[in-house]
Every structure is written in C-alpha cells, then in structure tokens.
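Residues per chain, in single letters:
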Amino acid sequence: MNRTREKVKRRNGTRAALNGVADKFVLYQESVQNAEFEVKFIQRVFQRARGRGALKLREDFCGTAILCCEWVRRVDGGRAVGVDLDAGTLEYARDVNVAALGRKADRVQLVRKNVLDVDHGRPDVVAAYNFSYFVFKTREELLRYFERVRRTLASDGVFVLDIYGGPEAQAIQEESTEHDGWEYVWDQARYNPITGELLCYIHFDFPDGTRMERAFTYDWRLWSLPEVTDALVEVGFEPPEVYWEGTDHATGGGNGVFRRSRRGDNSLSWVAYIVAKK
C-alpha cells in the first residue's frame, strides 16, 4: 500500500465548507495536514532533545500557516513566525487562519521572504514540512538553506523536517484518497532518474465528475534520506535522528506512529521525520 503525502498526516476532523465553490486551501488542509499532530510531535522530540518545552517556532514554506496557528493555540506562551514567498497564500493565512485565533493572533508573524534570506528571531524550532525543501534542486542550494537554518536557530535549537521516498516515489502515477465530499489526488507526473527531478500535482475530484485540475504544482528534486542527513551534518548539525513510521499490519500501510529508529523497513513508499540538533 502506497504511503504518499495524504497517508502521512491525519485529518483535522473538520469538514471543508465548500458551499458550491471549492476552496483549494481548505481542501489542502483537510487532505494533507494535521497541525495538532505536528505540534505534539515537535514538542515531544524537542523535550527529548533539550529537556524542556519549545516556545518559539519558525515554519518555513508555511503556506497557510496552519501549523503556526495551532502552535500558538496549543503552546502556553508560544509564538510563531511563518515564512513563505507566495503573497496570495499568506493573505489567506492572515485573513482566515490567523484571524481565527482572536486575541492570540498577535502571537503569529507572517513574513513574505525567501527562506534562504530569512533571519527572524532565533527560534527554538524551525520546521520545514510537506517536503517543501525539495524545491532546492542542487546540493549547493540545499546546503545553503540548511546552513541558514542552523545560523538562525537558538543556541540549543532543533530543526525538524519530513521526507518521503521508496520505489513508488519515482513512479509515474496518480493516487486518490476519498474524503467527505471530494477525492484528493496526488499525481506524480514526471520523474527524471538522471537528475532526480520530480514534477507533481494535486488535483481534487468531486462527486459531479468535475476536477479542480492542478490546484497545486510541485517542481522538485527527490532527495534521498542519506543525502539530506549528510548535508545537515556537513553544515554543522549533530548527526540527525530519524523517526520512522510504523506499519499497520492489517493494511500494510503506515500506522501514524513515528519512533526514532536506525533501520527502516524496505517498503515501496515511506515517510519519515528528520530531527537535527544544533
């Protein structure tokens, strides 16, 4: 059973309010993200690494900043900075997700900037989720980004990333997951084994037979886990820890439980978290 993006996250549990006009950001958040799980995971690994709770988060490639918002909602005294380049997505984040925080809204700062140039705060944690750092296609760019993260972290800061791979990550295929009122479609449209370049789309299909085509596009390089961990060490992080997803033996898919591990099962597709300490 393929474990791709939508298999990694568990749904927030709120139904998307389509009202006849599908909102691609709502659909994305419902299909792919579970900010509550992510906050709990970050706090667990940070507590394990540093013996205290984390207060300040920076979310790189933050998109709609739902992780930032859940952070300040759940972490007592927590503050968050979300960094992204897309003005429209940040506008949605500000008008919808941040606004919903009410009096806590001033604890989230949204920054339109390239993550290669950002220098905000000295956060306890930097998170780069949904494989967004795959946008860096050369090792030089990847190293530059990782070095920037390390330089901007607090002295005892922690960097948390997710990653996916396995033979099916290179396959040209579409995979659909049914939700309440739509289907999420992860489309791996093109892969170049010479360069590692990967072109993917997210579509949304509806019961009336219509499709929201290419709601999101990802022009990436598919980095391997050893490549990423080696690059983190090269820029000065301690040897990273890998948190591997367990297997649901009834289905053969992921069980949503990530534990620190030195050995992963050789499944056709897998998802893992990387935790790098400064």
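Above this text sits the structure in question.
Bear in mind that the values here come from a model prediction, so they are computed numbers and not experimental data.

### Let's talk about the overall build of the chain
A tally of regular secondary structure across the chain gives seven helices and twelve strands. A globule of 278 residues ought to have a C-alpha radius of gyration of about 19 Å, and the chain, at 18 Å, matches this closely. With respect to the principal axes defined by its C-alpha atoms, the chain has extents near 55 × 45 × 35 Å. Within the chain, the fraction of its 278 residues that count as buried is 55%.

### Thoughts on helix α7 (residues 225-234)
Among the residues of α7, those classed as buried are Leu225, Val228, Thr229, Ala231 and Leu232. The buried residues of α7 occupy an angular sector of 160° when projected down its axis, which confines them to one face. For α7, the elements touching its buried residues are α6 (139-152), β5 (158-165), β10 (241-247) and β12 (270-277).

### What to know about the sheet that holds β5
Strand order in the open sheet formed by eight strands is β3-β2-β1-β4-β5-β12-β10-β11, and the pairing between neighbours is mixed. The sheet is open, and its two borders are formed by β3 (108-112) and β11 (254-260), each paired with just one other strand. Taken pair by pair, the neighbouring strands of this sheet meet at an average axis angle of 20°, ignoring direction.

### Thoughts on the pattern of salt bridges
Side chains that differ in charge, positive against negative, can pair when their charged atoms come close. Inspection of every chain in the model, using the stated rule, returns 19 salt bridges. Where lysine 277 meets glutamate 238, a salt bridge forms, and the shortest distance between an N and an O atom there is 3.9 Å. Note that lysine 277 is positioned in strand β12 and glutamate 238 in the loop between α7 and β10, a separation of 39 residues in sequence. By sharing partners, the salt bridges in this structure join Glu36, Lys40, Glu70, Arg73 and Arg74 into a single network.

### Here's the deal with the environment of glutamate 175
Mapping glutamate 175 onto the fold places it in strand β6 (residues 173-179). The class of glutamate 175 is buried, set by a relative accessible area of 13%. Residues glutamate 175 and phenylalanine 46 lie 129 residues apart in sequence; the distance between their C-alpha atoms is 33 Å.

### Some remarks on the sheet that holds strand β7 (residues 182-192)
Spatial strand order, β6-β7-β8-β9: four strands in an open sheet with antiparallel pairing. What marks the edges here is a single partner per strand, and that holds for β6 and β9 (211-221). The mean angle between the axes of side-by-side strands here comes to 20°, regardless of whether they run parallel or antiparallel. As defined by bridge partners, β7 adjoins strand β8 (residues 197-205) across nine bridges and the pair is classed as antiparallel. Bridge pairing in β8 places glutamine 188 opposite cysteine 200.

### Here's the deal with the packing of aromatic side chains
If you walk through the whole model with that rule in mind, you get 29 aromatic pairs. Between phenylalanine 146 and phenylalanine 159, the ring centres sit 5.8 Å apart and the planes meet at 75°, which makes this aromatic pair edge-to-face. With phenylalanine 146 in helix α6 and phenylalanine 159 in strand β5, this pair connects stretches of sequence that are 13 residues apart. Neither residue differs from the other here; phenylalanine 146 and phenylalanine 159 are each classed as buried. Positioned above the aromatic ring of phenylalanine 216, the side-chain terminus of lysine 24 is 4.9 Å from the ring centre. Arginine 221 extends its terminal NZ or CZ atom over the ring of tryptophan 223, reaching a point 3.7 Å from the ring centre.

### Here we look at helix α5 (residues 87-98)
Of all the residues in α5, the buried ones are Thr89, Leu90, Tyr92, Ala93, Asn97 and Val98. Along the long axis of α5, the arc covered by the buried residues comes to 155°, so they all point the same way. Where α5 is buried, its residues meet α2 (24-32), α4 (66-74), β2 (79-84) and β3.

### Observations regarding the pairing of β9
Of the strand pairs in this sheet, β8 and β9 are connected by eight bridges, and their pairing is antiparallel. Pairing of isoleucine 202 across the sheet is with phenylalanine 216, part of β9. Hairpin connection between β8 and β9: a loop of five residues separates the two successive antiparallel strands, and glycine 209 in this loop has a positive phi of roughly 90°.

### Re the packing of α6 against α7
Contact geometry for α6 and α7: axes closest at 9 Å, N-to-C directions at 55°. In terms of axis orientation, α6 runs oblique to α7. Seen from above, α6 lies across α7 with right-handed handedness. Judged by residue contacts, Arg139, Leu142, Leu143 and Phe146 of α6 engage Val228, Ala231, Leu232 and Glu234 from α7. Taken together, the residues of the contact of α6 with α7 break down into six nonpolar, no polar and two charged.

So, how was this worked out
Residues numbered from 1 in each chain as written. Predicted model: local features only at pLDDT ≥ 70, side-chain atom pairs only at ≥ 80, totals over all residues. Heavy atoms only, no water. Helix = DSSP H or I, 4+ residues; strand = E, 2+ residues; numbered from the N terminus. Rg over C-alpha atoms; globule rule 2.2 N^0.38 Å. Buried < 20%, exposed > 50% of the residue type's maximum accessible area, 1.4 Å probe, protein only. Arc of directions from axis to C-beta. Contact = heavy atoms within 4.5 Å. Pairing = 2+ DSSP bridges. Axes fitted to C-alpha atoms, helices over the stretch in contact; angles between N-to-C directions. Salt bridge = Lys/Arg side-chain N within 4 Å of Asp/Glu carboxyl O. Phe/Tyr/Trp six-rings, centres within 6.5 Å; stacked < 30°, edge-to-face > 60°. Lys NZ or Arg CZ within 6 Å of the ring centre and 35° of its normal. Parallel < 35°, antiparallel > 145°, perpendicular 65-115°, else oblique. Left-handed = near helix turned anticlockwise from the far one by under 90°. Nonpolar A, V, L, I, M, F, W, Y, C, P; charged D, E, K, R; others polar.

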